[in-house]
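Per-entry structural report
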Amino acid sequence: MNAEGAEIVAGLPPGPRWPALLQTLAMNVAFDRFATTCTERFGPIMTLRLLGFGPMVAVSDPTLIRQVFTGDPDVLHSGAANAQLSAVLGHGSMILLDGQRHLRRRKLLLPPFHGEAVRAYAGVVCEITTAEIARWPRGRSFPILPRARAITLEAILRLVVGVRDEERLARLRALLPRVTGSMAGIVLEGARPGLADGRLAPRLPWVRARLLAGHVLDEEIAAHRAAPEGRDDVLALLIAARDEDDCPLSDEELRSELLTLLLAGHETTATALAWCFERLVRHPDVLARLQDEIARGDDAYLDAVISETLRSRPVVDSAQRLLTAEFELGGYRLPAGTRIAPSIWAVQHSAAFEAPERFEPERFLDRRVAPYTLIPFGGGVRRCIGASFAEMELRTVLRTVLGQVDLQPTSAASEKSRRGRGITTVPARGGRVAVADRHG
């Protein structure tokens, strides 16, 4: 029994009994429906079995999520839970570290991503967005996701990596979209660390692209070190950063962090943008109000639209932890080695929100959000350090687009979610929109 006298069951909670292959297919092909059905049947804590991950305890109750996010980080390892990404990001990436190594790295990386610091970058994002808008077709529909990727990739290359050499810029623009390969490839490579070694490596296109991108990033790090004057990009700040022992980041650590920021930050923000536009064209009343509020210079409704998009269409479906010791959660004593996954999608579509199926930005204007119910960036000491940068990009791109073109509403059905590159959940048709030039 626990402190409240409730009985504690040793072992894993029940969950769907389908084979791991079928559960994995359901997660990737019909995630929303699978998550809803499982939550309705098994409640806020259940065990899923997915290929490449083993048993995974999914939780969707805010109280349980709080327990995971605020629990002992020496017991709840996030880095180990994401170990399958090491093949792509390298072992030195902060998201793969745990304990004191993670805290040391986080302290070094946080200052360049502080809210005040990233606001200075909005002008460059506006400039990049304006140039991209000029290339959009008028009067016919097109998928917005690839265009959003172009904006966010360019923003990170210029503001985070600070690439000034046009030849290096062109190489990175071509290489980085190919680095992640497919999710199946990432999981397989992570599960079989020797897969990309030896003679097989040249036959894996995402491995080739990753190695080449790493070489280009090494060149950029060397260029920064050789000529540090007059730079205010994130890489320059990271090179200058020192920990409490006056130790800087090594070139290998810098490369891993740049790859993390490029791949994770670029793709997730682009997906969030695509969902924002997909939601707006299907809700003309929201679109009209947002345009009016932007014209008046009031960002409150803009922030509400972004929050509601991230709530109703979260880019990432869970934030995982791997147990290093037994852990009591929701009436179960989970054994060491168990993977726990607070479900971002499930809690954000739960009864914590009134009529969660509706797209209603007003809910973020006049109601207080309960803790651990809106968690698009995770939580606790592992909350995404790029959250402020991503929110700045979302505000700036939406404000710029709606100031220069009119989005044309559509009566088409809402786009379903599907697994995109890496770990993101994207609009199935790329978020199709049509625009027209604004006049007056």
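Look a little higher up for the structure.
Here's a quick rundown of the structure. (Residues numbered from 1 in each chain as written. Predicted model: local features only at pLDDT ≥ 70, side-chain atom pairs only at ≥ 80, totals over all residues. Heavy atoms only, no water.)

Observations regarding the pattern of salt bridges
Under the counting rule described, the total for this entry stands at 29 salt bridges. Across the salt bridge formed by R105 and E253, the nearest N and O atoms sit 2.9 Å from each other. With R105 in helix α6 (residues 99-109) and E253 in helix α14 (residues 251-281), this residue pair connects regions lying 148 residues apart in the sequence. Measuring nitrogen to oxygen at the nearest pair gives 2.8 Å for the salt bridge that ties R225 to D251. Here R225, found in helix α12 (residues 205-226), pairs with D251, found in helix α14; they are 26 residues apart in sequence, far enough to count as distant. Residue class for D251 comes out partly exposed when judged on its relative accessible area of 38%. A cluster of three or more residues bridged by salt bridges with shared partners is formed by E278, R279, R282 and E415. (Salt bridge = Lys/Arg side-chain N within 4 Å of Asp/Glu carboxyl O. Helix = DSSP H or I, 4+ residues; strand = E, 2+ residues; numbered from the N terminus. Buried < 20%, exposed > 50% of the residue type's maximum accessible area, 1.4 Å probe, protein only.)

Quick look at the sheet that holds strand β7 (residues 327-329)
Read across the open sheet, the 3 strands follow the order β1-β8-β7; overall the sheet is mixed. Bordering the open sheet on either side are β1 (9-10) and β7, each of which pairs with just one other strand. Two strands pair when backbone bridges link them, and β7 and strand β8 (residues 332-334) are joined in this way by 3 bridges, in the antiparallel orientation. Across the sheet, E328 pairs through a bridge with R333, a residue of β8. (Pairing = 2+ DSSP bridges.)

What about the packing of aromatic side chains?
Aromatic ring pairs are reported here in terms of the distance separating the ring centres and the angle at which the planes meet. With the rule as written, the count across this model stands at 6 aromatic pairs. Residues F353 and F364 carry aromatic rings whose centres are separated by 6.3 Å and whose planes lie at 50° to one another, so their mutual orientation is tilted. Of this pair, F353 sits in the loop between α17 (344-348) and α18 (363-366) while F364 sits in helix α18, placing them 11 residues apart in sequence. Side by side, F353 and F364 carry an identical accessibility label, which is buried. Every member of this aromatic cluster is reached through a ring pair, and the members are F113, Y121 and F389. Above the face of the F359 ring, R279 is positioned so that its terminal group lies 5.8 Å from the ring centre. Taking the ring centre of Y301 as reference, the NZ or CZ of R289 above it sits at 4.2 Å. (Phe/Tyr/Trp six-rings, centres within 6.5 Å; stacked < 30°, edge-to-face > 60°. Lys NZ or Arg CZ within 6 Å of the ring centre and 35° of its normal.)

A short note on the environment of G230
Position of G230 relative to the elements: it lies in the loop between α12 and α13 (234-240). For the pair G230 and R138, spaced 92 residues apart in the sequence, the C-alpha separation amounts to 40 Å.

Observations regarding the environment of R66
With respect to the helices and strands, the residue R66 is situated in helix α3 (residues 62-69). Judged by its relative accessible area of 47%, R66 is partly exposed. Considered as a pair, R66 and R210 are 144 residues apart in the sequence and their alpha carbons are 36 Å apart. What R66 contacts, discounting residues up to four positions off in sequence, is G71 and Y372. (Contact = heavy atoms within 4.5 Å.)

Description of the pairing of strand β2 (residues 45-50)
Burial analysis of β2 places 5 of its 6 residues in the buried class, the great majority of the element. One ladder, built from 6 bridges, connects β2 with strand β3 (residues 54-59); its direction is antiparallel. Its bridge partner being in β3, L48 is matched across the sheet by M56. Counting the residues that bridge the hairpin from β2 to β3 gives 3 residues, and of these G52 lies at a positive phi of roughly 85°.

With respect to the sheet that holds strand β6 (residues 321-323)
Taken together, 5 strands build an open sheet; the order of strands is β2-β3-β9-β6-β4 and the sheet is mixed. The open sheet has two edge strands, β2 and β4 (76-77), and neither has a second partner.

Comments concerning the side chain of T129
Counting through the fold element by element, T129 comes out in helix α8 (residues 122-133). If near-sequence neighbours (up to four positions away) are discounted, T129 is found in contact with I151, V397, T400 and V401.

Section: the pairing of β3
Both β3 and strand β9 (residues 339-342) contribute to a ladder of 4 bridges, which runs parallel. Within the sheet, the bridge partner assigned to M56 lies in β9 and is R339.

Side note on a nonpolar patch on the surface
A cluster of nonpolar side chains, namely W18, L21, L22, L25, V29 and L51, defines an oily patch on the protein surface of about 600 Å² accessible area. For W18, the location among the structural elements is in the loop between β1 and α1 (20-29). (Patch = residues over 30% accessible without salt bridge, like charges linked within 9 Å, V, L, I, M, F, W, Y side chains within 5 Å. Areas by Shrake-Rupley, 256 points an atom, 1.4 Å probe, with all protein chains shown as cover.)

Considerations on the side chain of D233
Within the element layout of this structure, D233 appears in the loop between α12 and α13. There is a polar contact of 2.9 Å between the side chain of D233 and the backbone nitrogen of A236. (Polar contact = N/O pair within 3.5 Å; in protein donor to acceptor, adjacent residues only side chain to side chain.)

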